[in-house]
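Listed below are the residues making up each chain.
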Amino acid sequence: MTPPLYDVAVVGGGPAGSAAALALRRHSPDLTVVMLEAGDHRGLKAGEVLPALAAPLLDSLGLGAKFAAEAFTPSLATASAWAGESLAERHSLFSAAGHGWHLDRARFDRLLADGAAAAGVDLRRGWPVAGAAATPFGWRLRSAGGAVLDARLLIWATGRSWRLARSLGAGVTAHDRRAAFLRFFADAAADGRTLIEARPEGWWYTADLPGRQRVIACISDAASARAARLRSACGWYGALAATRHVRAVLGDGAVELGAAARPAGTVTLAPVCGPGWFAAGDTAFAADPLSSRGLVAALRSGIFAAYAAADACEGRGRQAEARYAWLLAQDLAQYRDALRRHYAEAADHADQPFWRVAAEEIGPVRHE
Ligand SMILES: Cc1cc2nc3c(=O)[nH]c(=O)nc-3n(C[C@H](O)[C@H](O)[C@H](O)COP(=O)(O)OP(=O)(O)OC[C@H]3O[C@@H](n4cnc5c(N)ncnc54)[C@H](O)[C@@H]3O)c2cc1C
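Note that the structure is a prediction, hence the values are computed from the model and not measured. (Residues numbered from 1 in each chain as written. Predicted model: local features only at pLDDT ≥ 70, side-chain atom pairs only at ≥ 80, totals over all residues. Heavy atoms only, no water.)

Points about the domain arrangement of the protein
Selection rule: Segmentation into domains, and thus their bounds, comes from an automatic or database assignment. Only heavy atoms matter for contacts: two residues are in contact if any of them lie within 4.5 Å across the pair. Buried area is understood as the total, over both parts, of accessible area removed when two parts are fitted together, assessed with a 1.4 Å probe.
According to the domain assignment, the protein contains domain 1 (5-75 + 100-175 + 265-330) and domain 2 (178-263). In this structure, domain 1 and domain 2 have C-alpha centres spaced 29 Å apart. The partner domain 2 presents 15 residues to the 18 residues of domain 1 that form the contact. When the two sides are added together, the surface that domain 1 and domain 2 hide from each other amounts to roughly 1400 Å², 64% of it contributed by carbon and sulfur.

In structure tokens:
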């Protein structure tokens, strides 16, 4: 039997993939779009503070009202003990863009994916793409379970999973070995701020989550995490107890819901697009969480990738690829400078292994 042929297959149904699929349907309603998501948009996920800059992007996707109806918790301030022990606070009240939000990430990702489905995207949950092969008409995708479908173009948005790199002829470069050691809590005291604290082993952050939940994470690197034993509950709680500000907001009645370790370093892809495919979100360029740029960048690059894919479907693939690669390269250049400066500012710990490496410039990146 001949597999179904779509104009565009979006692989990965996170924020980047959903934004791409939705923007395609809004921009080019004649194109048929399928979105293939390995999971089911449930469960605990890192990446929960949505900056205010996301609001116009959600509006442009037609999701502004639905997002408002979710009533996610406003993120009113960021407080950081970074260049010294005392807290410096930045309040959203004084920001022209207004406040951001503390998300329930699974609920946010579902909102976006369901919005894409409502706009006519064929959403397939539980469809982990295991391989992509070039064909005379585009691509043939194969799921881990053996299902097959065809598409003229691919938008590759599988987050920090680069399984398709070899099939698409792209190279992945990890620039450091940073990771996040997270724990989620229920019945936690609300605080309204995102709190950041530099410590010798790395830096900690904590944020409210909807429903009186809270996430606390330590970002460290492989060697410092091993020395501080952050993978074990005993080491992690011991290091938390040595923080001054982060431990104080947890409150006495909080109950741990679960723990996770997630890669959190800078990873780049080269090239970020090629004949018949465009990478978006973390897949194109995964940033250190210190930059707070992940979700906005995922939405924005998803939208750009949709425009590029629509141009490519109309026979302007070469121009679309060149413009898309240029846009993403601009983003990366700004990020590299800012990240090095931010890490260098935490001078109190400059002699510690984590901070010595973090303050170095991330390596040269080839972008074509
Ligand atoms: C510890 C930590 C904290 C962070 N905090 C913040 C924050 O506060 N604010 C912020 O803006 N950003 C934050 N980020 C970054 C943010 O989470 C990411 O940038 C964002 O999730 C990227 O969206 P994405 O759609 O590119 O990828 P993802 O959100 O990872 O989505 C990718 C999707 O692809 C699916 N998938 C993977 N492989 C396949 C496959 N083979 N086939 C089909 N589907 C597949 C996955 O199931 C997933 O649904 C944080 C990141 C980390 C690690």
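Concerning the sheet that holds strand β17 (residues 255-263)
The cut-off we apply is this: Note: two strands are recorded as paired if DSSP finds a minimum of 2 bridges between them. The numbering of helices and of strands both runs from the N terminus, where a helix is a DSSP run of H or I of at least 4 residues and a strand a run of E of at least 2. Geometry is summarised by axes, namely lines fitted to C-alpha atoms with helices restricted to the contacting stretch, and by angles between N-to-C directions that run from 0 to 180 degrees.
The strand order β6-β5-β14-β15-β16-β13-β17 describes an open sheet built from seven strands, whose pairing is mixed. This sheet does not close on itself; its edge strands, each paired only once, are β6 (88-91) and β17. Taken over all neighbouring pairs, the strand axes of this sheet differ in orientation by 15° on average, direction set aside. In the sheet, strand β5 (residues 77-81) pairs with β6 via four bridges, with the strands oriented antiparallel. Within the sheet, the bridge partner assigned to A79 lies in β6 and is E89. Packing of helix α7 (residues 233-241) onto the sheet brings it into contact with β13 (178-186), β15 (202-209), β16 (213-221) and β17, and relative to β13 it is tilted by some 85°.

Some thoughts on the packing of aromatic side chains
Note the threshold: Side-chain rings of Phe, Tyr and Trp, where Trp is taken by its six-membered ring, are said to pair if the distance between their centres is within 6.5 Å; with planes under 30 degrees apart they count as stacked, over 60 as edge-to-face, and otherwise as tilted. Relative accessibility under 20% of the residue-type maximum defines a buried residue, over 50% an exposed one, and the middle range a partly exposed one, all with a 1.4 Å probe and only protein chains included. A positively charged side chain is recorded as over a ring if its NZ (Lys) or CZ (Arg) lies within 6 Å of the ring centre. The angle to the ring normal must also be within 35 degrees.
The tally for this structure, following the rule as stated, stands at 16 aromatic pairs. Here the aromatic rings of F278 and Y324 are separated by 5.6 Å at their centres, their planes lie at 90°, and the arrangement is edge-to-face. One end of the pair, F278, is in strand β20 (residues 277-279); the other, Y324, is in helix α10 (residues 317-345), and 46 residues separate them in sequence. By relative accessible area, which is 0% here, F278 ends up buried. Centroid distance Y343 to F354: 6.1 Å. Interplanar angle 75°. Geometry classified as edge-to-face. With Y343 in helix α10 and F354 in helix α11 (residues 353-358), the pair connects residues that are eleven residues apart, well separated along the chain. Among the aromatic residues, ring-to-ring pairing joins W82, W203, Y205, Y343, F354 and W355 into one connected group. One residue, R183, lies across the ring of W236, its end atom 5.1 Å from the ring centre.

Points about the sheet that holds strand β4 (residues 73-75)
If you walk across this open sheet you meet the three strands as β3-β7-β4, and the pairing is antiparallel. Looking at the sheet topology across the chains shown, the edges are occupied by β3 (49-50) and β4. Examined bridge by bridge, β4 and strand β7 (residues 100-102) share three bridges and lie antiparallel to one another. Residue pairing for β7: T73 is matched across the bridge by H102.

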